[in-house]
Amino acid sequence: MEIKTVQTKNDILKALDDVKDPEIPTISIVDLGIVTGIEVSEDNFVSVRLTPTFSGCPALKIMESMVKERIEKLDVAGYEVITNFDTQWNTNMITEKGREALKKHGLAPPEHFSELVQIEMLEKVKCPHCGSRNTLLKSPFGPTLCRSLHYCSDCLNAFEQFKPVS
Amino acid sequence: MKYTKTQLEAVKEFLYKIADDQLILGHRDSEWTGLGPVLEEDIAFSSIAQDKIGQSLHIYEILHALGEKDPDTIAFTRNANEFKCCHLVEYPIGEYDFSLIRNFFFCHAEHIRFNMLAESSLDPLAKLAKKYRGEIKYHVMHADTWVKQLGRANEESHKRMQDTIDNSFNLALGIFEESPFTSELNSMNIFEGEKTLQNKWIEAILPVLEKAKLVLPDPADWKPAYGGRTGTHTEYLQPMLEEMGEVFRLDPKAEW
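Note that this is a predicted model, so its numbers are computed, not measured.

Caption draft 1: Focus on the overall build of chain B. A count of helical and extended segments in chain B gives 11 helices and 0 strands. In summary, chain B has a C-alpha radius of gyration of 18 Å against a globular reference of 18 Å for 256 residues, a match within 12%. Expressed as lengths along the three principal axes of its C-alpha atoms, the size of chain B is roughly 55 × 45 × 30 Å. Considering chain B as a whole, with its 256 residues, one finds that 56% of them fall into the buried category. Sequence separation of at least 24 residues holds for 81% of the intrachain contacts in chain B that already meet a minimum separation of 6. Carbon and sulfur atoms form 53% of the exposed surface of chain B, whose accessible area is close to 11300 Å². Between the mean site of the 28 positive side-chain charges and the mean site of the 42 negative ones, chain B shows a separation of 5 Å.

Caption draft 2: Structural view of the interface of chain B and chain A. The partner chain A presents 26 residues to the 22 residues of chain B that form the contact. Summing both partners gives a buried area of about 2100 Å² for chain B against chain A, and 64% of it is carried by carbon and sulfur. The largest share of the area that chain B buries against chain A comes from Lys 131, Tyr 138 and Met 141 of chain B, three residues that together contribute 33% of it. Inspection of the region where chain B meets chain A yields 1 salt bridge. Taking the shortest distance from any N to any O, the salt bridge between Asp 86 of chain A and Lys 127 of chain B comes out at 2.9 Å. Where chain B packs against chain A, one counts 8 residue pairs in polar contact (both at pLDDT 80 or more). Mapped onto the side of chain B that touches chain A, the elements with two or more residues apiece are helix H2 (39-65) and helix H6 (123-153) of chain B. Looking at side-chain class alone, the side of chain B that touches chain A contains 7 nonpolar, 8 polar and 7 charged residues.

Caption draft 3: The domain arrangement of chain A, seen in detail. All names here are of chain A. Each assigned domain of chain A is listed with its residue range as follows: domain 1 (9-83) and domain 2 (102-162). Inter-centroid distance (C-alpha atoms) of domain 1 to domain 2 is 28 Å. Taken residue by residue, the interface counts 9 residues in domain 1 and 9 residues in domain 2. Taken together, the two surfaces of domain 1 and domain 2 that pack against each other cover about 730 Å², and 78% of this comes from carbon and sulfur. Along the contact surface separating domain 1 from domain 2 lie 0 salt bridges. Counting across the domain 1 and domain 2 interface gives 1 residue pair in polar contact (both at pLDDT 80 or more).

Caption draft 4: Geometry of the packing of aromatic side chains. Residue and element names in this part refer to chain A. Under the definition given, this model contains 16 aromatic pairs over all chains. On the numbers, 6.1 Å between centres and 65° between planes, the contact of Trp 89 with Phe 162 is edge-to-face. Separated by 73 residues along the polypeptide, Trp 89 in the loop between strand S5 (78-83) and helix H4 (96-104) and Phe 162 in strand S9 (residues 158-162) bring together distant segments of the chain. We note that Trp 89, like Phe 162, is buried.

Caption draft 5: Layout of the packing of helix H5 (residues 96-117) of chain B against H6 of chain B. Residues and elements named next belong to chain B. The interhelical angle for the contact between H5 and H6, taken along N-to-C directions, is 145°, at an axis separation of 7 Å. Relative to H6, H5 is oriented so that their crossing is left-handed. Here the contact of H5 with H6 is built from residues that sort into 17 nonpolar, 6 polar and 4 charged.

Caption draft 6: Geometry of the sheet that holds S5 of chain A. All names here are of chain A. Spatially, the 3 strands line up as an open sheet ordered S3-S4-S5, and their pairing is mixed. A single partner strand is all that each edge strand has here, and the edge strands are strand S3 (35-40) and S5. Sheet twist, expressed as the average angle between the axes of neighbouring strands with direction ignored, equals 10°. By the bridge criterion, 6 bridges tie strand S4 (residues 45-50) to S5 in an arrangement that is parallel.

Caption draft 7: Region of the structure containing the side chain of Ser 179 of chain B. Residue and element names in this part refer to chain B. Locating Ser 179 in the fold gives a position in the loop between helix H7 (155-173) and helix H8 (182-187). Among the residues examined, Ser 179 registers a relative accessible area of 8% and is labelled buried. Side-chain polar atoms of Ser 179 contact the side chain of Glu 13, separated by 3.0 Å. Every residue in contact with Ser 179, bar those within four places of it in the chain, is listed here: Glu 13, Lys 17 and Leu 185.

Caption draft 8: Looking closely at helix H3 (residues 60-72) of chain A. Residue and element names in this part refer to chain A. For H3, with 13 residues, the first-to-last C-alpha span of 19 Å sits near the 18 Å given by 1.5 Å per residue. Buried within H3 are the following residues: Leu 60, Met 63, Glu 64, Val 67, Arg 70 and Ile 71. Buried positions in H3, seen along its axis, are confined to an arc of 125° and lie on one side of it. With respect to the buried face of H3, the exposed residues turned more than 90 degrees away are Lys 61, Glu 69 and Glu 72. Buried residues along H3 sit against helix H1 (9-16), strand S1 (20-21), helix H2 (29-32), S4 and S5.

The rules we used
Residues numbered from 1 in each chain as written. Chains lettered and ligands numbered in written order. Predicted model: local features only at pLDDT ≥ 70, side-chain atom pairs only at ≥ 80, totals over all residues. Heavy atoms only, no water. Helix = DSSP H or I, 4+ residues; strand = E, 2+ residues; numbered from the N terminus. Rg over C-alpha atoms; globule rule 2.2 N^0.38 Å. Buried < 20%, exposed > 50% of the residue type's maximum accessible area, 1.4 Å probe, protein only. Contact = heavy atoms within 4.5 Å. Areas by Shrake-Rupley, 256 points an atom, 1.4 Å probe, with all protein chains shown as cover. Lys, Arg positive; Asp, Glu negative; His and termini not counted. Charge placed at Lys NZ, Arg CZ, Asp CG, Glu CD. Buried area = accessible area lost by both parts, 1.4 Å probe. Salt bridge = Lys/Arg side-chain N within 4 Å of Asp/Glu carboxyl O. Polar contact = N/O pair within 3.5 Å; in protein donor to acceptor, adjacent residues only side chain to side chain. Nonpolar A, V, L, I, M, F, W, Y, C, P; charged D, E, K, R; others polar. Domains from an automatic or database assignment. Phe/Tyr/Trp six-rings, centres within 6.5 Å; stacked < 30°, edge-to-face > 60°. Axes fitted to C-alpha atoms, helices over the stretch in contact; angles between N-to-C directions. Left-handed = near helix turned anticlockwise from the far one by under 90°. Pairing = 2+ DSSP bridges. Expected span 1.5 Å × (residues − 1). Arc of directions from axis to C-beta.

Okay, structure coming up:
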């Protein structure tokens, strides 16, 4: 960028849309819902706040450095990226666009919950391949912390769900 | 928040005991990686381990902010007598029935503890508690599912579950060893106390055991395994710590 311009929140949000979850490259961190705050000061200093999906998520540090790399490419006076638990992430924070992106990766998106996640929500998950709800929960734990394992009794495919977390 | 010397000591002791339980059980659960009786169980124990160790890290970060050493140094360089974990989490993984019942006992208590702490006046811990309880719900669900299935499956599985409950229940009661700082924690509105937690815990596990046709030992035989919270541990902790910290201690300054 040649001309000195003060970035707007929206510019930063757009830029962060380029940063994808390293474990699910179809979804951006914005659609995943982990960007919990963006501030741009008058002198063009950018502050970004992130919140972890899972406390033990190994992708967290990587995402933090990916955000830094992306902001560095913008015309900013300086920046900070802070990860904290001030806002606690839950799967209702995944956007509609994000849910479509999960499907593109072959993952069933998490069901919306009100109040608390109920165990029954894992039992008849909609198959991302054929759309059937005639499915079985094989295990609440999958290849990454955020996924559970399921089996579709109609199209006979195993599939994974991005599991609901409150 | 400004603490008096005793208050600060109370807060630190409280945080250490919670995080040490998680770190040690997380490490023990990770010992099932590659050894699970079925693939799904291998993955489940490994994922639960990853959650618990990750959760302990963020509590050690609060301790670091209160003036303690950095999380890696806290986790990997202390000796057994400096740990505040309960005996239950220290034991080797044993047979699958022991590891399962241990998680059943521990995760229920942990889930209730963080539910209580979500309202704690210790703000950084309350924020973590709100996050952790959603994750631990899956640990509880995992344990409940298997306890109910194995309790009712056949004579052998039922007997193994019941024997393990009988043999490990006193260890589980050790989770609730009262802190010398109970009244400080209570008056600061940080935590209501281990007695309250234990009562809620019994209320939570009884219905599951009932569905599994399993029973708790007679209260006359309850002899809680105390000592862990004051640094007195079983013979199993020190060797585990030596193994756990071996790589870190080779080069404590290494960048990971």
